Amino acid sequence: MSTTADQPRVTRHPVQQLDFSSDTREILRNATRDIETFGLRDRLIVDIDSHHEEILEWDEVLGNLDDEVLRDYGRGIAESVSGAREFALTADMPGLRFQEVGGRIPHAPERREPVPEGEGQSYTVTERAIDALGIDYQVVFPQTMLGIGMHPSPRIATALIMAYNKWFTEKVLGRDPRIKTMLGLPITDPDAAIETIRLYHDHPGVLGFLITSQRFFSVHENAYMPVYAELEKHGMPLGFHAGPNWGDSWTKTMNRFTAVHAMSFVTCNMTHLSNWLFNGLPERFPGLDVIWIESGLAWIPFLMQRLDHEYLLRVSDAPLLEKFPSEYMREMYYTTQPLEVSHPQALRQTLDMMNAEQTLLYSSDWPHWDFDPPARIMTIDGLSETARDNILGRNAQRLFGTDKLPDPAHHAGA
């Protein structure tokens, strides 16, 4: 087709080429630019949900297994089974990983950017992300281990959680005070879960404890009550981290990963939260703060309305409750990511219904393909500056305490 003089000319700009070895700081170049654009250095920023890929150092994790037979068995799998070096003993299915769209999204957690010899992959890339995003503290979770709730062997699952926690606290935490975590609980073994809480609750890098939400268990079973009591005793918040699951009874009817991603991250936390409420756990453990992680926000007003409606019809089904389910939900905590911004009016209503100024915690979910940099909070219309400050960091600081999240020197006027 010929080009005429009155047609606009297309300007070709240089393309930033990224691959699985790209440096985190290069991938986050735009987020770094936003630090100055939005004055983020003047705000306390606490990232409640980010990830590292522990499989890149999986042999070290296996080395922390207390069970000598299981440790030897895991390393035997890693050495003898093709492609199993990074997944030995886990329930992960590498062939069904769709997050990075067949490798076309290179800031996936499986990236292999070079790090200085001896520095450790997880520690180094986490520090780079903290600097590039301009945040003060970053809560770091594993990636593959977040599917541990679907492991077919509770014994192996418990052993892996204990080994990972030992490795992470020794190899990653403590080197940089900006790196924090909420350690996973081996909840299928309540005694091991209590042992984990007692062992790590006073670690300066451990802000709370985590249950991976992709699991088929009832949060209200009596076996777990001593675990919640132990958390409450030590003032340690409990998080539920959602995840994708294509094998659930409903999601296995879906033929597109996007549909699975949209639904499964939400339905698991909705189920656990509903059980948590109707069995009166907020009344039984009033001092235990609960956080619902990586489910976005759009489901919250729906569940508030739905549970309130059902509660009014059958109050006798929840005899321990002293107020509406929605009132308890307004006292719980939620993380922002993935923040649904496509319907601004609905988002504003959601933020109001959930009392976001006091309950919402910023999270990036870096390095996942749908991550949100801190600037995302600055672009929400209608938020007061106090609300932005609270969501970006002050709510987290009040929740976890200034002893574990003190004001950094550059915020304290030093």
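As a convention, each chain's residues are numbered from 1 in the sequence order in which they are written. Local features in this predicted model are restricted to residues of pLDDT 70 or higher, and side-chain atom pairs are both shown and tallied only at a pLDDT of 80 or more, whereas totals for entire chains, interfaces and linings draw on every residue. To get the side-chain values, all heavy atoms of the structure are used, and hydrogens and water are removed first.

## Focus on helix H6 (residues 154-171)
Structural remark: α-helix, 3.6 residues per turn; residues separated by three or four positions point the same way. Across its 18 residues, H6 extends 25 Å between first and last C-alpha, which sits within 8% of the 26 Å expected from 1.5 Å per residue. Burial classification: accessible surface area is computed with a 1.4 Å probe over protein chains only, and a residue below 20% of its type maximum counts as buried, one above 50% as exposed, and the rest as partly exposed. Working definition: helices are DSSP H or I runs of at least four residues, strands are E runs of at least two. Numbering for both runs from the N terminus. Three or more residues of H6 are buried, namely Ile156, Ala157, Thr158, Ala159, Leu160, Ile161, Ala163, Tyr164, Asn165, Trp167, Phe168 and Thr169. Note on definitions: a residue-residue contact is assigned when non-hydrogen atoms from the two residues lie within 4.5 Å. Check the buried side of H6 and you find it contacts helix H3 (58-62), helix H4 (68-80), helix H5 (121-133), strand S2 (137-141), strand S3 (179-184) and helix H7 (190-200). Expected helix span is taken as 1.5 Å per residue step, with the number of steps being one fewer than the number of residues.

## Let's talk about unusual backbone geometry
One can expect most non-glycine residues to show negative phi and most peptide bonds to be in trans. Note that the residue after Gln337, namely Pro338, is joined by a cis bond; omega there is -5 degrees. Phi at Leu89 takes a positive value of approximately 75 degrees, unusual for a residue other than glycine. Within the element layout of this structure, Leu89 appears in the loop between H4 and H5. Using a relative accessible area of 8% as the deciding quantity, one classes Leu89 as buried. Despite not being glycine, Asp365 shows a phi value in the positive range, around 60 degrees. For Asp365, a relative accessible area of 0% corresponds to the buried category.

## Some thoughts on the sheet that holds strand S7 (residues 333-335)
What the 8 strands build is an open sheet, ordered S1-S2-S3-S4-S5-S6-S7-S8; its pairing is parallel. In the strand order of this sheet, the two ends are held by strand S1 (46-51) and strand S8 (360-361), each with one partner. Note that S1 and S2 share 4 bridges and pair parallel. Looking across to S2, one finds that Asp47 is bridged to Gln138. Here, strands pair whenever DSSP counts at least two bridges between them.

## Brief notes about the packing of aromatic side chains
Here a Phe, Tyr or Trp ring, Trp counted by its six-membered ring, pairs with any other such ring whose centre lies within 6.5 Å, and the pair is stacked when the planes are under 30 degrees apart, edge-to-face when over 60, and tilted otherwise. The final tally for this structure, using the stated rule, is 12 aromatic pairs. For the pair Tyr164 and Phe168, a centre-to-centre distance of 5.6 Å together with 25 degrees between the ring planes defines the contact as stacked. Highlighted residues: Tyr164 and Phe168, both in helix H6, separated by 4 residues, approximately one helical turn. Take Phe168: its relative accessible area is 0%, and that puts it in the buried class. Where Phe240 meets Trp292, the ring centres are 4.6 Å apart and the plane angle is 15 degrees; that geometry is what we call stacked. Of this pair, Phe240 sits in strand S5 (residues 238-241) while Trp292 sits in strand S6 (residues 290-293), and the two are 52 residues apart along the sequence. With respect to class, Phe240 is no different from Trp292; both count as buried. Joined through ring pairs, the aromatic side chains of Tyr228, Phe240, Trp276, Phe285 and Trp292 make up one cluster. The ring of Phe217 is capped by Arg215, whose NZ or CZ atom sits 5.7 Å from the centre of that ring. Either the NZ atom of lysine or the CZ atom of arginine qualifies as a charge over a ring when it sits within 6 Å of the ring centre and within 35 degrees of the ring normal.

## Thoughts on the environment of Glu113
Along the chain, Glu113 falls in the loop between H4 and H5. C-alpha separation for the pair Glu113 and Asn222, spaced 109 residues apart in sequence, amounts to 46 Å. If near-sequence neighbours (up to four positions away) are discounted, Glu113 is found in contact with Phe20, Ser21, Ser22, Asp23, Thr24, Gln121, Val125 and Arg128. A distance of 2.4 Å separates polar atoms of two side chains, one belonging to Glu113 and the other to Thr24. Whenever a nitrogen or oxygen atom comes within 3.5 Å of another N or O atom, the pair is scored as a polar contact, on the condition that within protein one atom can donate a hydrogen and the other can accept it, and that pairs from neighbouring residues in sequence are kept only if both atoms are in side chains.

Any functional reading would require information beyond the geometric quantities listed.
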